[in-house]
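Summary of structural features
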Amino acid sequence: MSPPGRRRPRRSGSRRAPARPVAAAAARHSWRGVGAPRHPYAVVVTAPDLDSPPAPPARATRFARLRAATDRVPTRWFAGIGTAVFLAATAAFGGLEAVAVAEVPRLAAGEQHVNDRVALTVQRAVLLDTFPEAGATADPAQGERVLALLVDAENRWDRAEMVQAGGGVASTIGVEALKSTPPTSVARYDDASRDPWLQPLVPVALVLTWIVPGDLFTDGEEIEVVLSDQTLWSGSFVVDGDYWSDPRPAAVVTVPIEDRGDGS
Amino acid sequence: MTAARRPPLLRRIAPWALGLACVVAAWFVALATPADTVAWEPFPVEARTGEPAAGRNLTVTVHDAVRATSVFSGGWRAEGTWVVVDVAAEAVSSERGASLTSAQLIVDGRTYRATERAETMLDERLSIGIARRGSLGFELPADAAGTAVLQLALNPDTRADSVIEYRIDLDALPVAAERELVDAQWAEAP
Amino acid sequence: MSSREVLAAPASGRGRWWRRNGAALLALALLLPASVGVIGVQEWRTNNTEAVVPADTIPAGESIRTEGALLGPVAVSDAPGAELPPGARAVVATVPVALESGPITCGVSALRETDGERRRWNTGASVTGWSAPRDSWTTCPSEPDGSDVVVSVVFVVPTGAGPFALDLLVGPESRLLRFELD
């Protein structure tokens, strides 16, 4: 069956091969309702058995041939063949080098950046002594002032979303100079309601405020606002519902600061 | 005796054919099996104008729906495309957690939430058996049209709970120049 | 067995199969509906009984001494002057608390209907036209003036609701006391 001197992999089936033809005959007899014992190795020697039909030996030969053929496959070479196939596939797809990071587009104030969740336009940046109407009360004794960012936002998702200072859409707007800390408060520009809800496709003018050290920014200085895109995930196992995560910078808006002193 | 002769072709094929038939049947069964999430779907209750619609712990009567280009409430005012719905709601069996916190309007595949900018029936504490009545305002984009579905529930998480649904044809709504967003009060005067 | 007997076996074999397994099939026919019934009835009963079990249930008109105070008897009366729509009723539940060893913590958790629809009302209802008596509290005060305190809470219920029971949470571990009201 196998060439001499060659190590054949041990197959447990090979030892059972001789018993199988007889067991098959015994099983066929019990199926007919005669009540032969069910043990696979039982050998019921009755008159019919002695006329062993040619079918079981034929099957044994077929299996034996198949086994002999698979024995010839060189398992030692699998690792090598697999590596070669993998390298060939990666070469076809462009090689193993890392992909170059794309440049983030730079925008000016008033230009819109759109993603799947929201369309944002950073309009103005204003420096004020304090802005309690929008939710940011600066302490002049500590030398604090308020940086207010006016942003036009339009919800592009399929459901209404609340803009909170701590997360959500507000977390995708980061001021570079403040190391993208979350704003102190977010409010609507028209009626000063705090933590507003953005309804789908309804544009809203928002005011995001940060309490900043008074000497950090000067009038006319340009600040960079980084707008991030996120991916929509659908909770399937331990989380239920949809949520946005995995932020990556998608646009940088350069906007000059206007120092308005104690109010505009 | 050749009782052990090879069985006829049909008999030999029979188990294979049966097995294949079982696999095909299993494929159809898998197709017909609903997804796991179907077990948690909310129970919709259809509401008709002026008639109370009863859910598990929420009974709602939708009285009126209009379109308005401007809404006001006390000193606050807002312009835009608004849909104002006049609803009365009450709890049924327990006041615990019985507030109208979920009021949504689904238009063209998008879900709009009742406005929080004024005091309305949104988040109103409900009373068992005694209705509170007020407005719900929805701010929509200017080109909103078609059929909208108003969904009211006690909790935004409506899994396995009742949701009262009311269909609104946005194109057939009467349009008002301005409409008041009425805060919640007893449905029947004392 | 000869092959002729083998060919003759199937017909009576099936009948013999029924006879051999008759007892088992009978047991199955009895036990299967029985187990479905028992499990179903058990689930139904646990679903319909309350999840909240009070530590003590006090019958109407009686008091209980617990957590260093004598609580009860609880009375329920209509709130005079309340302006409510037709079909509504404002009921005030009054709990006299006689402190015996310093202030205690207590709060009303709910007003329950003990029969019929078994509805449950929360505190915090606001009723125009009625205000709580000047010397009453909504929860046991941490600094009471005197050793007798009256806790009174108003509920807005539909007319025809009742009989009632008042759930009170008492003590640092919030023991639930249920005071039955007539």
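Residues numbered from 1 in each chain as written. Chains lettered and ligands numbered in written order. Predicted model: local features only at pLDDT ≥ 70, side-chain atom pairs only at ≥ 80, totals over all residues.

Quick notes on the overall build of chain A
The cut-off we apply is this: Comment: elements are numbered from the N terminus, with helices defined as DSSP H or I runs of at least four residues and strands as E runs of at least two. Counts of 20 or more other C-beta atoms within 10 Å of a residue's own C-beta define buried residues, counts of 12 or fewer define exposed ones, and intermediate counts define partly exposed ones; C-beta atoms are placed from the backbone. We call two residues in contact whenever the C-beta atoms placed from their backbones are within 7 Å.
Scanning chain A for helices and strands turns up five helices and eleven strands. Every one of the 264 residues in chain A was classed for burial, and the buried ones make up 23%. Taking the intrachain contacts of chain A between residues at least 6 apart in sequence as the baseline, contacts between residues at least 24 apart amount to 64%.

Quick notes on the overall build of chain C
Along chain C, the regular secondary structure elements total one helix and eleven strands. In chain C, the succession of helices and strands from N to C terminus is α-β-β-β-β-β-β-β-β-β-β-β. Considered along the principal axes of its C-alpha atoms, chain C spans approximately 105 × 45 × 25 Å. For chain C, the proportion of its 182 residues judged to be buried stands at 24%. Considering only intrachain contacts with a sequence separation of at least 6, the fraction spanning at least 24 residues in chain C is 68%.

Section: unusual backbone geometry
Geometrically, the link from Gly72(C) to Pro73(C) is a cis peptide bond, its omega value of -10 degrees lying close to zero. Along the chain, Pro73(C) turns up in the loop between β3 (69-71) and β4 (75-78). A positive phi angle, near 65 degrees, is found at Asp123(B), a position not held by glycine. Mapped onto the secondary structure, Asp123(B) falls in the loop between β6 (110-113) and β7 (132-140). Unlike most non-glycine residues, Ser174(C) shows phi in positive territory, near 50 degrees.

Let's talk about the nonpolar core
Condition: The nonpolar core is taken to be a set of buried Ala, Val, Leu, Ile, Met, Phe, Trp, Tyr and Cys residues joined by way of C-beta atoms within 7 Å.
Counting residues in hydrophobic clusters, the biggest one holds 123 residues, and the most contacted among them are Leu147(A), Val225(A), Ala89(B), Ala93(C), Phe155(C) and Leu166(C). For this core, the element with the highest residue contribution is strand β4 (residues 76-91) of chain B, accounting for eight residues. The residues touching Val225(A), leaving out its near neighbours within four places in the chain, are Val122(A), Leu149(A), Ile173(A), Val175(A), Val253(A) and Val255(A).

Section: helix α5 (residues 78-92) of chain A
All names here are of chain A. Applicable threshold: Expected helix span is computed as 1.5 Å times (number of residues minus one).
Relative to the 21 Å expected for 15 residues at 1.5 Å per residue, α5 spans 21 Å between its end C-alpha atoms, a close match to the ideal helical length. In terms of burial, α5 is largely open, as just zero of its 15 residues are buried. Gly 94 occupies a position one or two residues after α5 and carries a positive phi of about 120 degrees.

Concerning the pairing of strand β10 (residues 222-235) of chain A
A regular strand places its side chains so that they alternate between the two faces of the sheet. Residue and element names in this part refer to chain A. We apply this condition: If DSSP finds at least two bridges between two strands, the strands pair.
Pairing of strand β6 (residues 173-175) with β10 involves three bridges; the strand directions are antiparallel. For Val 175, the partnering residue across the bridge sits in β10 and is Val 225. Bridge count for β10 against strand β11 (residues 241-261) is 13 bridges, and the pairing is antiparallel. Paired with Leu 227 across the strands is Ala 251, a residue of β11.

Focus: the sheet that holds strand β8 (residues 147-153) of chain B
In a beta sheet, neighbouring strands pair by backbone hydrogen bonds and run either parallel or antiparallel. All names here are of chain B. Test applied: Orientation is described by axes fitted as lines to C-alpha atoms, over the contacting stretch for helices, and by angles from 0 to 180 degrees between their N-to-C directions.
Ordered in space as β1-β9-β8-β5-β6, the five strands form an open sheet in which the pairing is mixed. What marks the edges here is a single partner per strand, and that holds for β1 (43-46) and β6. When strand polarity is set aside, the average angle formed by the axes of neighbouring strands in this sheet is 30 degrees. Direction of pairing for β1 relative to strand β9 (residues 162-169): parallel, over a ladder of four bridges. The residue of β9 that forms the bridge with Phe 43 is Ser 162.

Digging into the environment of Phe155(C)
All names here are of chain C. You can see Phe 155 is positioned in strand β9 (residues 148-158). The class for Phe 155 is buried, based on 26 C-beta atoms found within 10 Å. Phe 155 sits 22 residues away from Leu 177 along the chain, and the two C-alpha atoms are 18 Å apart. Apart from the residues lying within four places of it in its own chain, the contact partners of Phe 155 are Val 91, Ala 93, Leu 111, Trp 121 and Ala 125.

Regarding the confidence of the model for chain A
Convention followed: Think of pLDDT as the predictor's per-residue confidence, scored from 0 to 100.
Confidence in the prediction for chain A averages 79 pLDDT; 75% of positions are at 70 or higher. Overall, residues 1-5 of chain A carries pLDDT values under 50, and its contacts beyond four positions in sequence, including any with other chains, amount to five contacts.

Here we look at the environment of Trp17(C)
All names here are of chain C. Considering the arrangement of structural elements, one finds Trp 17 in helix α1 (residues 3-48). For Trp 17, a count of 11 C-beta atoms within 10 Å translates into the label exposed. Separated by 42 residues in sequence, Trp 17 and Pro 59 place their C-alpha atoms 64 Å apart.

Comments concerning the confidence of the model for chain C
Residues and elements named next belong to chain C. When pLDDT is averaged along chain C, the result is 87; 93% of the residues meet or exceed 70. Mean pLDDT across the secondary structure elements of chain C bottoms out at α1, with 82, and peaks at strand β7 (residues 120-121), with 94. With pTM at 0.74, the complex prediction returns an ipTM value of 0.83.

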